[in-house]
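Each chain, written out:
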Amino acid sequence: MTTEQQVQIAYSPCPNDTFVFDALAHGRVPGAPALDVTFADIDVTNGMAERGELDVLKVSYAVLPYVLDAYALLPCGGALGRGCGPLVLTREEGDGDASPLDPSRGPEGLAGATVAVPSERSTAYLLFRLWAAETVPGGVGEIVVMPFHEIMPAVRDGKVDAGLVIHEARFTYRNYGLRRLADMGEHWERTTGLPIPLGAIIAKRSLGAGTLTRLADSIRSSVRAAWDDPEVSRPYVMEHAQEMDPAVADQHIGLYVNEFTADLGEDGYAAVRGLLTRAAAEGLVPPLGPDALRFP
C-alpha cells in the first residue's frame, strides 16, 4: 500500500470485474480504501501474483497453490457460478479445407488432437485437463497456448483442431462457424454438484487482518451498489468492454456476478477446495496446506 493509503489493485477490463468494482473504484463506498487500478487480463495478473506485485489482484483459482503464502483469498469479489464453464470448440462439420474432428465420436475425437488454450495457469485449463483425463482415451495431443482473442479464429482457420474458450465466447462462437464439443462446467457440476470456480480476488497478507477485512467489506458493498442500480456502472463497464455489444456485456455480467461474488459461502469454498484437491491429485498443481484458504 502506498503512503496515500491507496490500495494497488489489478483486475481485468471484462464487464464482470468493472461492474463489481465500479462503486469502489470511483469512491462511492463509504469508509473504503482508495484504489489505484491497473487493468490487465488474467494471464497477466496471474504472473503478477507469482511475482508478488500489487496489493490486490483478480487471478485464476488455478494459481492459488503458488501464491497463498503471500496472499490471502478474499471471500468475495470473484467469479464462480453454474452454467458458466469453459467450452471446447471445434469447426462445424465440413467447414474449411482441413477436416474437423469427427462429430460422431464426440469428445473421444480429441484423442491426439492439437488444442489451443489461453493459459496453462488457469482454472479453465485445470477443468479441461480433469475432464480430458476422464473422457478422452489416450489423452489429447499438443497443447498450444495463445492469447484468448486468437483462439476462435485459429480453430476456424484450421490452425488447431480445437480450442478452449471462456467468458463472452460462450455467446459468440457461432459467429466463427464453430460448434461446441464439450462444456467443462457441465462436466464439473454433474460430477461434483458444486459451482464452477473461475476467478478469485486475493490480497497481500502483509496488509494485516484489519485491512483485509475492510477490503472484503468494501468489495461486498461495491457489488451490492452495482446490483441496486446497474445503470450507474454502465459507463465504466462499456468504456473498458473492448467494443463488446452492450447486450453481450449484460449477459456476461448476469452469468459471472452472482451470490458467490458477494460471498463464497460453504459451497464456494467447497468448490475451490474440490478443484485444487483434484488437480493436485493429477499432478497439475502443488497440494494446498490445511489452512491455505483461511481468511484473514
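Residues numbered from 1 in each chain as written. Predicted model: local features only at pLDDT ≥ 70, side-chain atom pairs only at ≥ 80, totals over all residues. Heavy atoms only, no water.

K.L.:
Whenever I open this one, the pattern of salt bridges confuses me. Can you help?
P.N.:
Close approach of charged atoms lets side chains of opposite charge pair. Under the criterion given, the structure shown has 14 salt bridges. A salt bridge links Glu-186 to Arg-180; the shortest N-O distance between them is 3.6 Å. Each member of the salt-bridge network shares a partner with another, and the members are Arg-170, Arg-180, Asp-183 and Glu-186. (Salt bridge = Lys/Arg side-chain N within 4 Å of Asp/Glu carboxyl O.)

K.L.:
Could you clarify how one ought to interpret the nonpolar core in this entry?
P.N.:
Generally speaking, nonpolar side chains in soluble globular proteins are found buried as a group. By size, the foremost hydrophobic cluster in this structure holds 57 residues, and its most contacted members are Leu-57, Tyr-61, Leu-64, Val-88, Leu-110, Phe-128 and Trp-131. Ranked by residues supplied to this core, first place goes to helix H4 (residues 123-135) with 8 residues. Every residue in contact with Phe-128, bar those within four places of it in the chain, is listed here: Val-88, Leu-110, Val-115, Val-140, Ile-143, Leu-164 and Met-184. Grouped together as the second largest cluster of nonpolar side chains are 32 residues, Phe-21, Ile-201, Leu-207 and Ala-216 included. (Core = buried A, V, L, I, M, F, W, Y, C linked by side-chain atoms within 4.5 Å. Buried < 20%, exposed > 50% of the residue type's maximum accessible area, 1.4 Å probe, protein only. Helix = DSSP H or I, 4+ residues; strand = E, 2+ residues; numbered from the N terminus. Contact = heavy atoms within 4.5 Å.)

K.L.:
Would you mind going over the environment of Gly-265 with me for this structure?
P.N.:
Within the fold, Gly-265 resides in helix H12 (residues 265-281). A C-alpha to C-alpha distance of 7.8 Å links Gly-265 and Pro-75, two positions 190 residues apart in sequence.

K.L.:
Would you take a moment to explain the sheet that holds strand E9 (residues 162-165) for this structure?
P.N.:
In sheet architecture, strand pairing relies on hydrogen bonds along the backbone and comes in two forms, parallel and antiparallel. The 5 strands are arranged E8-E7-E9-E6-E10 in an open sheet whose pairing can be described as mixed. At either end of the open sheet lies a strand with only one pairing partner, and these are strand E8 (143-145) and strand E10 (178-183). Strand-to-strand twist across the sheet, computed as the mean angle between neighbouring axes with direction ignored, equals 30°. Packing against the sheet, helix H5 (residues 148-156) makes contact with strand E6 (87-91), strand E7 (115-117), E9 and E10, and its axis sits at approximately 155° to E9. (Pairing = 2+ DSSP bridges. Axes fitted to C-alpha atoms, helices over the stretch in contact; angles between N-to-C directions.)

K.L.:
Hey, could you run me through helix H2 (residues 42-51) in this one?
P.N.:
Side chains of residues three or four places apart in an α-helix project in the same direction, reflecting 3.6 residues per turn. Buried within H2 we find Thr-45, Asn-46, Gly-47, Met-48 and Ala-49. Buried residues along H2 sit in contact with strand E1 (7-11), strand E2 (35-39), strand E3 (56-60), helix H3 (64-67), strand E4 (71-73) and strand E11 (196-204). Phi turns positive, to about 75°, at Gly-52, one or two residues after H2.

K.L.:
Mind showing me how you'd approach the packing of aromatic side chains here?
P.N.:
Two measures describe an aromatic ring pair: the distance that separates the ring centres and the angle between the ring planes. All told, the structure shown has 4 aromatic pairs when counted by the stated rule. Residues Tyr-11 and Phe-21 carry aromatic rings whose centres are separated by 4.5 Å and whose planes lie at 10° to one another, so their mutual orientation is stacked. Of this pair, Tyr-11 sits in strand E1 while Phe-21 sits in helix H1 (residues 15-25), placing them 10 residues apart in sequence. On the accessibility criterion, Tyr-11 (1% relative accessible area) is buried. Members of the aromatic cluster, each reached through a chain of ring pairs, are Tyr-11, Phe-21, Phe-39 and Tyr-236. (Phe/Tyr/Trp six-rings, centres within 6.5 Å; stacked < 30°, edge-to-face > 60°.)

K.L.:
Please explain the side chain of Arg-170 as it appears in this structure.
P.N.:
Secondary-structure assignment places Arg-170 in helix H6 (residues 169-172). Classification of Arg-170 as buried rests on a relative accessible area of 15%. Within the structure, Arg-170 has its side chain in polar contact with the backbone oxygen of Gly-83 (distance 3.3 Å). In terms of polar contacts, Arg-170 uses its side chain to reach the side chain of Asp-183, at 3.5 Å. (Polar contact = N/O pair within 3.5 Å; in protein donor to acceptor, adjacent residues only side chain to side chain.)

K.L.:
Explain the environment of Arg-273 here, please?
P.N.:
Examined against the element boundaries, Arg-273 turns out to sit in helix H12. With a relative accessible area of 43%, Arg-273 lands in the partly exposed category. Between the C-alpha atoms of Arg-273 and Leu-288, which are 15 residues apart in sequence, the distance is 8.3 Å.

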